[in-house]
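One letter stands for each residue in the lines below.
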Amino acid sequence: ESYMAQKRVVAGFWSYVHNDDEYENGRITRLRERLERAIRFFSGNRDFQIFQDRKDISWGEKWAERIVTSLDDSVLLFTVVTPSYFASSPCLEEAAAFQKRQAGLLRDDLILPIYYLTTGQIEGTDPSAQNEEAELAQLFRATQYEDWRPLRDTPETDPAYTKAIERLAQKAMATLKRGSAIESAAEATPKGTAKP
């Protein structure tokens, strides 16, 4: 059964800093909502969900456990990269955990960074970056990130903004389809031979 066909409670995980979203008056949350709807629209998968802690953790739930479980259930990690992201221990932990998970799946394309605001770590201009920050910045630089900086001030009603979200959705779907192709090839490999 392919990633796109699975009835998943969670298919993506939204890794971001709450204070960034508050500063942006909820714009980062609305970006997640619109991306989730766009993926559903183009894939036909009404069950596709992007986990976001503020939306998906119920009153009384153990939030740390719920986040770990949701990371484990997620196929994709969407990281909203800002200077605050690298200063956030929870965000660094989410990215590091997901990096290990994708390595265990023999994948290197399941982390989808959205470069939201210029950071010294990504630009290589922050000599004070700690090891964990530097490693994560290197991962983001090596990954084909989506540069959202020019769109940060674009009105959300602008057709160019909508088209950019649709491009994100198409890229996410392409990653999911690659996963399905890898799974199919692995299942077709006779026992005793190397899997891709």
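So, here is what we can say about the structure in this document. (Residues numbered from 1 in each chain as written. Predicted model: local features only at pLDDT ≥ 70, side-chain atom pairs only at ≥ 80, totals over all residues. Heavy atoms only, no water.)

**Quick word on the overall build of the chain**
Here is the rule: Counting from the N terminus, the helices are the DSSP runs of H or I reaching at least four residues and the strands are the DSSP runs of E reaching at least two. Whether two residues are in contact is decided by their heavy atoms, any of which lying within 4.5 Å being enough. Calculation of accessible area relied on Shrake-Rupley with a 1.4 Å probe; when residues are assessed, cover is drawn exclusively from the protein chains displayed.
Of the regular secondary structure elements, the chain holds nine helices and five strands. Put simply, the chain runs from its N terminus to its C terminus through helices and strands in the order β-α-α-β-α-α-β-α-α-β-α-α-β-α. Long-range pairs, those at least 24 residues apart, make up 71% of the contacts in the chain with a sequence separation of at least 6. Accessible area for the chain stands at about 10600 Å²; split by element, carbon and sulfur atoms hold 53% of it.

**A look at the packing of helix 6 (residues 89-104) against helix 8 (residues 131-142)**
The criterion, for reference: Angles here are taken between N-to-C directions and fall from 0 to 180 degrees, while the axes themselves are lines fitted to C-alpha atoms, restricted in helices to the stretch in contact. When describing relative orientation, an angle under 35 degrees is termed roughly parallel and one over 145 degrees roughly antiparallel, while 65 to 115 degrees is termed roughly perpendicular and anything else oblique. Each helix crossing is assigned a hand: it is left-handed if the near helix lies turned anticlockwise from the far helix by less than a right angle, otherwise right-handed if that turn is clockwise.
Across the interface, helix 6 lies against helix 8 with an axial gap of 11 Å and an inter-helix angle of 60 degrees. As far as their axial angle goes, helix 8 and helix 6 are oblique. Handedness of the crossing formed by helix 6 with helix 8: left-handed. Judged by residue contacts, L92, A95 and Q99 of helix 6 engage E132, E133, L136 and L139 from helix 8.

**Quick look at unusual backbone geometry**
Rules: Categorising residues by exposure relies on relative accessible area from a 1.4 Å probe, with only protein chains included: less than 20% of the type maximum marks a residue as buried, more than 50% marks it as exposed, and the intermediate range marks it as partly exposed.
Even without being glycine, N25 reaches a positive phi, approximately 55 degrees. With respect to the secondary-structure elements, N25 resides in the loop between helix 1 (18-23) and helix 2 (27-43). Residue N25 is classed as exposed on the basis of its relative accessible area of 66%. Even without a glycine there, the phi angle at L106 is positive, about 60 degrees. The topology assignment puts L106 in the loop between helix 6 and strand 4 (111-115). For L106, a relative accessible area of 66% corresponds to the exposed category.

**Topic: the nonpolar core**
Our working definition: Among buried residues, the Ala, Val, Leu, Ile, Met, Phe, Trp, Tyr and Cys ones that are joined through side-chain atoms within 4.5 Å form a nonpolar core.
Formed by 46 residues in total, the largest nonpolar core has its most connected members in W14, F78 and W148. Tallying contributions element by element places helix 9 (residues 159-188) first for this core, with eight residues. When neighbours within four sequence positions are excluded, W14 is seen to be in contact with I28, L31, R32, L35, I50, F51, Q52, F78, V80 and I114.

**Some words on the pattern of salt bridges**
Under the convention used in this document: Just to be clear on terms, a salt bridge is a Lys or Arg side-chain nitrogen sitting within 4 Å of an Asp or Glu carboxyl oxygen.
Inspection of every chain in the model, using the stated rule, returns 12 salt bridges. Among the salt bridges present, the one from R152 reaches E24, with a minimum N-O distance of 3.1 Å. Placement of the pair is R152 in the loop between strand 5 (146-147) and helix 9 and E24 in the loop between helix 1 and helix 2, with a sequence separation of 128 residues. By relative accessible area, which is 12% here, E24 ends up buried. Across the pair R32 and E36 runs a salt bridge whose closest N-O atoms are separated by 3.4 Å.

**Quick word on the packing of aromatic side chains**
Note the following rule: Planes of paired rings set the category: under 30 degrees apart is stacked, over 60 is edge-to-face and the rest tilted, where pairs are Phe, Tyr or Trp rings (Trp by its six-membered ring) whose centres lie within 6.5 Å.
With the rule as written, the count across this model stands at eight aromatic pairs. Between the aromatic rings of F41 and F42, the centroid separation amounts to 5.1 Å while the plane-to-plane angle is 80 degrees, which identifies the pairing as edge-to-face. Owing to a relative accessible area of 31%, F42 belongs among the partly exposed residues under this scheme. With a centroid separation of 5.1 Å and 80 degrees between ring planes, the pair formed by Y115 and Y145 is classed as edge-to-face. Placement of the pair is Y115 in strand 4 and Y145 in the loop between helix 8 and strand 5, with a sequence separation of 30 residues. Taken together through their ring pairs, the aromatic side chains of Y85, F86 and F140 make up a single cluster.

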